[in-house]
Amino acid sequence: MLLVIDVGNTNIVVGVIDEKKILTHWRFSTDRSKTADEFGMLLCGAFANSKMEMKDIDAIIISSVVPPVTVPVCHMCERYFGIVPIMVGPGTKSGIAIHYDNPREVGADRIVNAAAAMDKYSHLGRPMIVIDFGTATTFDALLPNGDYLGGSIAPGIGISSEALFTRAAKLPRIELLKPRRVICRNTVRSMQSGIMYGYVGLMEGIVSRMKKELGGDAYVVATGGFANSMAAESKAINVVEPFLTLDGLRILYEKNIPQCV
């Protein structure tokens, strides 16, 4: 079985995959102060609770955008699984041609998502836009042949909400729910309206402009915590893939097996 680990700025998502099927997955807060042993204890508990055996893991692949967490997570893999993990980064075979001024600047998560989108939807023969609603919201443009053209990065919905609370003295911290109306009659719902509907407008605006630059009817793939909420409010998203990153890690593992054995 394959263990896939995606280290993001807010959460670490871990999945167990067997024969291309995600058997289970867990989500942990990204804590930069945690040690390898603390991460190991978390996974020991998660495996025990799922009635799975850590000894059944044959390989591990990791993507990380948080360097301070990468080292303890790698040490955890070696200590608790006895496996040196594959790290997604420069030199990783992805099937994606990165047309970025400096390809090393592209986050590992964006490469992983692009590889998964190509694997799932390149047969459509259309350009693709991959949106990841994470700590930051990333928009990535792909051509059907696997060329990665770059994209846009915007503050995530959670960051936007937190900024209102921390920077405006009289505004409260709110739960990110969609109100029934855009015109609201109290402060909490007005903030929810501005953030949720405002973000729909941001997303639709960037997608529209990217489609024009791509010169065709791009297929839009969304993932991340707010993907379903955004898709429910907009026809700009063609499909939601909640496990796009985990699938992408599995795909990259399969592409890199020969050079890692």
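Quantities reported herein were computed from a predicted structural model and do not represent experimental measurements.

Participant: Describe in detail the nonpolar core, supporting the description with residues and values.
Facilitator: Counting 32 residues, the largest nonpolar core has Val-4, Ile-61, Val-88, Ile-96, Met-128 and Leu-142 as its most contacted members. Leu-142 has contacts with Ile-96, Ala-114, Ala-117, Met-118, Pro-127, Met-128, Val-130, Asp-147 and Tyr-148, leaving out every residue within four places of it along the chain. Residues Ile-12, Val-16, Phe-28 and Ile-83 belong to the second largest nonpolar core, which totals 27 residues.

Participant: Explain the pairing of strand E4 (residues 59-64) residue by residue, including any values.
Facilitator: The buried fraction of E4 is high, at 6 of 6 residues. Across the two faces of E4 the burial is the same, with Ala-59, Ile-61 and Ser-63 and Ile-60, Ile-62 and Ser-64 all buried. Looking at chain direction, strand E1 (residues 2-7) and E4 are connected through 6 bridges and run parallel. Directly across from Leu-2, in E4, lies its bridge partner Ala-59. Pairing of E4 with strand E5 (residues 86-87) involves 2 bridges; the strand directions are parallel. The partner of Ile-62 across the bridge, within E5, is Met-87.

Participant: Outline the side chain of Thr-137, listing residues and values.
Facilitator: Tracing the backbone through its elements, the reader meets Thr-137 in strand E8 (residues 136-142). Among the polar contacts listed, one links the side chain of Thr-137 to the side chain of Tyr-199, at a separation of 2.8 Å. If we skip the residues at most four places from it in the chain, Thr-137 touches Ile-131, Asp-132, Ser-152, Ile-153, Ala-154, Pro-155, Gly-156 and Tyr-199.

Participant: So what's going on with the packing of helix H1 (residues 36-49) against helix H2 (residues 67-81)? Which residues, and what values?
Facilitator: Here H1 crosses H2 at 55°, and the two axes come no closer than 8 Å. Between H1 and H2, the interaxial angle falls into the category oblique. Regarding H1 and H2, the two cross each other, and that crossing is right-handed. Where H1 approaches H2, its residues Ala-36, Asp-37, Phe-39, Gly-40, Met-41, Leu-43, Cys-44 and Phe-47 are matched on the opposing element by Val-69, Pro-72, Val-73, His-75, Met-76, Arg-79, Tyr-80 and Phe-81. Split into classes, the residues belonging to the contact of H1 with H2 amount to 12 nonpolar, 2 polar and 2 charged.

Participant: Break down the environment of Pro-103 for me, with residues and values.
Facilitator: In this fold, Pro-103 is placed in the loop between strand E6 (97-98) and helix H3 (108-121). Through-space distance from the C-alpha of Pro-103 to that of Met-54 is 35 Å; in sequence the pair is 49 residues apart.

Participant: An account of the sheet that holds strand E2 (residues 11-18) is requested, with residue identities and associated values reported.
Facilitator: Strand-to-strand pairing in sheets goes through backbone hydrogen bonds, with the strands running parallel or antiparallel. The 5 strands lie next to each other as E3-E2-E1-E4-E5, forming an open sheet whose pairing is mixed. Of all strands in the sheet, those with a lone pairing partner are strand E3 (21-29) and E5, marking the two edges. Sheet topology places E1 next to E2; 6 bridges connect them, and they run antiparallel. Looking at the pairing, Leu-3 lines up with Val-16 of E2. Of the strands in this sheet, E1, E2 and E3 are in contact with H1, which crosses E3 at around 135°.

Participant: Give me the lowdown on unusual backbone geometry, citing residues and values where you can.
Facilitator: Located in the positive-phi region is Glu-19, a residue other than glycine, with phi close to 55°. Within the secondary structure layout, Glu-19 lies in the loop between E2 and E3. Here Glu-19 falls in the exposed class, since its relative accessible area comes to 72%. The phi torsion at Lys-51 lies on the positive side, around 60°, for a residue other than glycine. Summarising the element assignment, Lys-51 is placed in the loop between H1 and E4.

Participant: An account of helix H5 (residues 187-214) is requested, with residue identities and associated values reported.
Facilitator: Two residues of an α-helix separated by three or four positions point the same way, owing to the 3.6 residues in each turn. Between its first and last C-alpha, H5 extends 40 Å over 28 residues, near the 40 Å set by a 1.5 Å rise per residue. Every buried residue of H5 is listed here: Met-191, Gln-192, Ser-193, Ile-195, Met-196, Tyr-197, Tyr-199, Val-200, Met-203, Val-207, Met-210 and Leu-214. Tucked into the core, H5 has its buried residues touching strand E7 (128-133), E8, strand E9 (147-155), helix H4 (157-167), strand E10 (219-224) and helix H6 (227-233). At the N-terminal end of H5, a side-chain oxygen is found 3.3 Å from the backbone nitrogen of Val-188, two or three residues along, and the residue is Asn-186. Looking one or two places after H5, you find Gly-215, whose phi comes out positive at around 70°.

Quick notes on the rules
- Residues numbered from 1 in each chain as written.
- Predicted model: local features only at pLDDT ≥ 70, side-chain atom pairs only at ≥ 80, totals over all residues.
- Heavy atoms only, no water.
- Core = buried A, V, L, I, M, F, W, Y, C linked by side-chain atoms within 4.5 Å.
- Buried < 20%, exposed > 50% of the residue type's maximum accessible area, 1.4 Å probe, protein only.
- Contact = heavy atoms within 4.5 Å.
- Helix = DSSP H or I, 4+ residues; strand = E, 2+ residues; numbered from the N terminus.
- Pairing = 2+ DSSP bridges.
- Polar contact = N/O pair within 3.5 Å; in protein donor to acceptor, adjacent residues only side chain to side chain.
- Axes fitted to C-alpha atoms, helices over the stretch in contact; angles between N-to-C directions.
- Parallel < 35°, antiparallel > 145°, perpendicular 65-115°, else oblique.
- Left-handed = near helix turned anticlockwise from the far one by under 90°.
- Nonpolar A, V, L, I, M, F, W, Y, C, P; charged D, E, K, R; others polar.
- Expected span 1.5 Å × (residues − 1).

The quantities given are spatial measurements derived from coordinates; they are silent on function.
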